[in-house]
Each structure stands twice: as C-alpha cells, then as structure tokens.
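Structure at a glance
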Amino acid sequence: MGTVLVTGATGTVGSQVAKQLRAAGAEVIPLRRGHAGGDLEDPGSLPLDGVESVFLVWPFATAEGARAVVDVLTARARRVVYLSSAAVREHEHEVERLIEESGLEWTFLRPHAFAANTLRWARQLRAGVVRAPYGRAAMAPVHERDIAAVAVRALLEDGHHGAAYVLTGPEQITQAGQVDVLAEIVGFPARWEEVPPDHAREELLAGGWPPPAVDEALQAQAALVTAPLPVTRTVEEVTRSAARTFREWAAEHATAFRTAPVPDSTMRAARIHAFGGPSVIRHDRIPVPRPGAGEVLIEVAATSFNPAEIGLRSGLLTDVFGTSLPRTLGWDVSGTVVETGAGVTGLTPGDRVFGQVDGAAAEYVTAPANMLARAPQSIPLAHAATIPVAGLTAWQAVHEHARITRGQRVLINGAGGGVGMFAVQLARLAGAVVTATASPRSAAAVRGYGADEVIDYTATPLPDDLDVLLNLAAVPARDAEALARPGRTVVTIATPIEGGTHFVTRNDPGQLTRLAALVDRGDLVAVPSECHPPAALAEIHRRAESGRTRGKIVITPV
C-alpha cells in the first residue's frame, strides 16, 4: 500500500480522507495550506518522494498555476483523485481537463451540497431564526465522511480510473427542512424565515463575499426550488455502504451548533461617533472585547430597538447617558455565553442568557454574569431580546409602582409599543380589566395581548371610571392634567403627570427570571413585530421618529 499525499488535510473532506487512509493502513503525508512542508503555489516544494497517489483539493477560485502542479504530479506520482464539484465551475473544468490530459490515473469527485455547509447557519440557529432566501430549494446533502470514503477507495484500489463520481446523500431535503432537523437534534426552538433574494445579496456582500460568488450561489439555490438535482447511489455503489442521512450528519455535529467558538479577532458593531440624525449610525469593525473578572463574553443572538435610543443618538439625553463617544447602541441582549472571566460561577460556555447590557448592537458583548438571567427555553433566543428593557419596565410599573390587583380597571395609554406589549399581558395576569389605547396600526396586536377594550386615542375619549393609569406615551400637558383624577393611581414612564409616579427602569435579573418562567409556561408572549439586520438601524430610527413603528423590533447581527 503506497504513500498518499493529502492536500487540504485540515479541511472538511481532506481531514476525513487522511483519517480514513490511516485507518486503512496507508502512509499519509498531510499538506496543509499555509503550513511548512509544501505549498500548491510552489509546485517544486510538494513532498512527493515515494508518493504513489494524491488527493487533490484545489483551493483557488481560478485555475491559474494548476498546470504546473499537474505537471509535477505527473512526473512523480501515479494516481490522482481530484475533489471537484457537481457544478464543475469554470476553474474546476480546467483543472479536470489538465488532469485528463496528463497521463495520470485519475478520478474526479463531484459532490452536490455538503451537509457541512449548514454550519454557516450555526449562529442563526443558536439565535432561533435562520433568515435566508429559497427555503424550498431541495437538495441531497452529502456527508463529508462519505465523500472521503469514496476518495479512499479511488486512492487505494484499482478500477476507478476515468470515473467522475457524482456524490449525493440518500434523500432530498429542503433548506427549511434542514433547519427543522437541526432544531430537533440540537434541541433549540428554531425556524426558517424567508427573506427576499436581494436582501440576502446585500447581507452577503456586506459580509465580504465577492459579487460573482454571491450571484452564482443565489442562482443555484433558485434553480433548486423547481428543479432539484437527482439523488445518486454512487456512495453506496463505490463503498458498498449506505450513504449517511442528513439527520445522521446533524447528530454527529450537534455540538458545533450548540456552542459558539471563542472569537479571536474583530467584530461588527453599530456605533455613533457624533450626535445627530439617523445617518450618524455607523457599522464599524472593532476588536472583540474580553471578559474581565466576574464577566462573561456573549455571542449576541439579538438586540432590540428602544425609543430612548433616539434621544441617545441625537444627544438630547446626555444628562442621562453621558457624552462619551464613540458609543455602541443597544441595551437589550440575548445570546450564548462563549467565554467566562475570573470568578464567574453559575454560567458556562454554551449557556443561553438574556439581560439589559449597554452596547449590545454588536456581534459580541461583555456583561457582569450576575446581571444576566437564563433565557426562556420555549422561544427562539433572538425573541428573548424583546424582553429585558420593555419587560422589566412593564413588570415594575404593574407590580411595584401601580400594585395592580384583581378586579381593578386599568387604562394603559400607548399600549402599541414594546412596553405596552408586556404591560397589557402582565396587568391581565394580575386579574385587571384592561382598556388600552392604540393606533389603528397596533390595535389588532394589542387585542391579541389580551386587552378587554382597545380605544383609538385619536378618535375616542378616554373612559373616566378607572382605578389605575399606566402612561407609556408622551401626552400634551392639558391631557396629562385630565388623566390625573382623585383616587386614581397614576404611573408614567413618559410625560410626568402631577400626582403620579414617574420612574426609570432598573435592571433586575430576578425579575427577568420570573418573566422567562412566564414565557415558558405560555402565560406571556414575547414575539417581535419585526426582525432586521443591523444595516436597517438608521431606517428604523427614521420610522420611529415619525411614529411608524410598533411593538418590539429585533436586530440580529447575522
């Protein structure tokens, strides 16, 4: 059994080829791109002494330099197995042509979609929502171990010369179906959310993908919606073992989806460098922070927009938030712990948490471990970002300041916002009869949260027979005076009302834990009204300033 040179030996397929070759008793020379010991960009450096067969991974986007490599292999080796693709892109076709004309014994592997490609969804899966186009695109994902098994047969056995093996898994499954399987295996509530292809293109370009690659990938996915590629039995025919299913692959790789790797470089963050209009919001690349003593590093699943951020951004609330710039936006966070600082107990990497944290509109954020709570388990992790600021405000308004009790008649003014979403539900859970004001745009949602009556404040007078007023919206001074009546408990988080209680929300992990328990029992709904990438933040600020938002808008940095 001869010596085999394995290029791409640390890659998805190459590492499996090397492992299976060793298990078969072959001597393996691993070639790792960027490591000493040989480089495809310097064909003369390739370690080919005594090599009989070569597993060739061509890691470049063009065939430039391939002829020199093939010439060296032809002079020194006898057999080559080339990892191409089912698409046989232009550069892959050229590499195949060079090998065919070389005189080497050759075999081409043309896999369809790698099951391992779904690892690109890992962060989104942890967040609970995989947002992409073409959820109905169907394919038969192939396990990298099956690709490697075919490669090993072709490297070590005769009878494969001249074969171009098209490799698939044993069954078709849509992209949305893959997410369903992963969610079941990993144990997270996660779902597919369809997004327009042009939005996906913008996000991929922002992530550094070259335009031709983006367009090619999206076109290929679109084609698979109406014309999925056929399933082949090549893996079974060559290896005499059944091809592994996507479910089997998912079970083997569940840990990679549950636990985020520790970042070691930079991250994107939504920041302001000056006070002003929405256009001052910038998307910077900055160093990933490291957790200090008592802190954890969180991979952010989501943050959410709070109206007070308009005041922060515009400089109107510098007395509250200070003037230090640049400043990262975002106060709500939900995410996964990826690293802990000295002295942290009770939280470990992989734990899903949420809380009120300054600077959460980023890919990672640090926070004191004792100021976080474990996220609800029954909803997508990204949805938990709707809760901290708005949920705590509503809890403290209902239970601490108004002390609402069963049978009281409660008016919630401004119930269509994020705080109102929770205040209506918590007041109803306390046994109150709830009347809510909301615009026609928000009325249906407010009714869905359990309000007994919804009033369009622009057309209908407010009722007089009230025990409690929770004021969550700015009101003119004359209306504020009318809202304050003798014997009525008034609590406000917006316009101060004479005789009422005005308060600022405090962070309280214990209350967050109670809110999470209500969500997991099904007593409290925490669903965002919208979900957007960070690039949409400036437009969200513009819409909020003109009163065109409702509920809680979630921002996912993925």
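Provided above is the structure to which this section pertains.
Fair warning: this is a prediction, and the values are worked out from it, not measured in the lab.

The rules behind these values
- Residues numbered from 1 in each chain as written.
- Predicted model: local features only at pLDDT ≥ 70, side-chain atom pairs only at ≥ 80, totals over all residues.
- Heavy atoms only, no water.
- Helix = DSSP H or I, 4+ residues; strand = E, 2+ residues; numbered from the N terminus.
- Buried < 20%, exposed > 50% of the residue type's maximum accessible area, 1.4 Å probe, protein only.
- Contact = heavy atoms within 4.5 Å.
- Areas by Shrake-Rupley, 256 points an atom, 1.4 Å probe, with all protein chains shown as cover.
- Lys, Arg positive; Asp, Glu negative; His and termini not counted.
- Charge placed at Lys NZ, Arg CZ, Asp CG, Glu CD.
- Salt bridge = Lys/Arg side-chain N within 4 Å of Asp/Glu carboxyl O.
- 1 Å grid on protein atoms, 1.4 Å probe; cavity = no way out; pocket = protein on both sides within 12 Å on 5 of 7 lines; lining within 4 Å.
- Points joined across faces, edges and corners; volume = space filled by probe spheres on them.
- Nonpolar A, V, L, I, M, F, W, Y, C, P; charged D, E, K, R; others polar.
- Expected span 1.5 Å × (residues − 1).
- Pairing = 2+ DSSP bridges.
- Axes fitted to C-alpha atoms, helices over the stretch in contact; angles between N-to-C directions.
- Core = buried A, V, L, I, M, F, W, Y, C linked by side-chain atoms within 4.5 Å.
- Right-handed = clockwise from strand over helix to strand, strands pointing away.

Moving on: the overall build of the protein chain. From N to C terminus, the protein chain includes 19 helices and 26 strands. A principal-axis box enclosing the C-alpha atoms of the protein chain has dimensions of 100 × 45 × 40 Å. The 558 residues of the protein chain split such that 52% are buried. Taking the intrachain contacts of the protein chain between residues at least 6 apart in sequence as the baseline, contacts between residues at least 24 apart amount to 72%. When the accessible surface of the protein chain is split by element, carbon and sulfur atoms take 51% of a total near 23700 Å². Averaging the coordinates of the 51 positive side-chain charges in the protein chain and doing the same for the 60 negative ones gives two points 4 Å apart.

Using the criterion set out here, one finds 36 salt bridges in the structure. Glu94 serves as the salt-bridge partner of Arg97, at 2.6 Å between the closest nitrogen and oxygen. Highlighted residues: Arg97 and Glu94, both in helix H3 (residues 90-100), separated by three residues, approximately one helical turn. Given a relative accessible area of 26%, Glu94 falls into the partly exposed group. With its nearest N and O atoms 2.8 Å apart, the salt bridge here joins Glu157 to Arg153.

On to empty space enclosed by the protein, then. A complete count under the given rule lists two cavities of 30 Å³ or more for this structure. Estimated volume of the largest cavity: approximately 40 Å³. Estimates place the volume of the second largest cavity at around 30 Å³. Forming the walls of the second largest cavity are Val300, Thr303, Ala360, Ala361, Ala362, Pro534, Ile555 and Pro557. Looking at side-chain class alone, the lining of the second largest cavity contains seven nonpolar, one polar and no charged residues.

By the secondary structure assignment, Glu299 is in strand E13 (residues 295-304). In this structure Glu299 touches Arg123, Arg126, Ala260, Ser334, Gly335, Thr336, Val338, Glu363 and Tyr364, once residues within four positions along its chain are discounted.

Attention now goes to helix H5 (residues 144-156). Counted at 1.5 Å a residue, the expected span for H5 with its 13 residues is 18 Å, and the 18 Å between its end C-alpha atoms agrees. The buried fraction of H5 amounts to ten of the 13 residues, a majority that puts the element mostly inside the structure. Looking only at H5, the buried set comprises Glu144, Asp146, Ile147, Ala148, Ala149, Val150, Ala151, Val152, Ala154 and Leu155.

With that settled, consider the sheet that holds strand E1 (residues 3-7). If you walk across this open sheet you meet the six strands as E2-E1-E3-E4-E5-E8, and the pairing is parallel. What marks the edges here is a single partner per strand, and that holds for strand E2 (27-31) and strand E8 (163-167). The sheet shows a mean angle of 15° between the axes of neighbouring strands, direction not considered. By the bridge criterion, four bridges tie strand E3 (residues 51-56) to strand E4 (residues 79-83) in an arrangement that is parallel. Along E4, the bridge assignment pairs Leu56 with Tyr82. On the sheet, helix H1 (residues 14-23) packs against E1, E2 and E3 and is oriented at approximately 165° with respect to E1. Each of E1, E3, E4, strand E5 (105-111) and E8 is contacted by H5, which is oriented at about 165° to E4, the strand it contacts most.

Bringing the nonpolar core into the picture now. Ranked by internal contacts, the top residues of the largest apolar core, which has 54 residues, are Ile404, Ile412, Val424 and Leu470. For this core, the elements supplying multiple residues, two or more each, are E13, helix H14 (388-401), strand E19 (409-413), helix H15 (418-429), strand E20 (433-437), helix H16 (443-448), strand E22 (468-471) and helix H18 (509-521). The element best represented in this core is H15, accounting for seven residues. If sequence neighbours within four positions are ignored, Val424 has contacts with Ile412, Ala415, Val434, Ala436, Val446, Tyr449, Gly450 and Ala451. Membership of the second largest hydrophobic core comes to 49 residues, among which are Val186, Phe188, Trp192 and Val238.

With five of five residues buried, E4 lies mostly within the body of the structure. Residues Arg79, Val81 and Leu83 point to one face of E4 and Val80 and Tyr82 to the other, with burial holding for every one of them. In this region the chain leaves E3, passes through helix H2 (residues 66-76) and returns to the parallel neighbour E4; the handedness of that crossover is right-handed. Where E4 lies against E5, five bridges are found, and the strand directions are parallel. Counted as the bridge partner of Val81 is Thr107 from E5. Regarding the hand of the β-α-β motif, the stretch spanning E4, H3 and E5 is right-handed.

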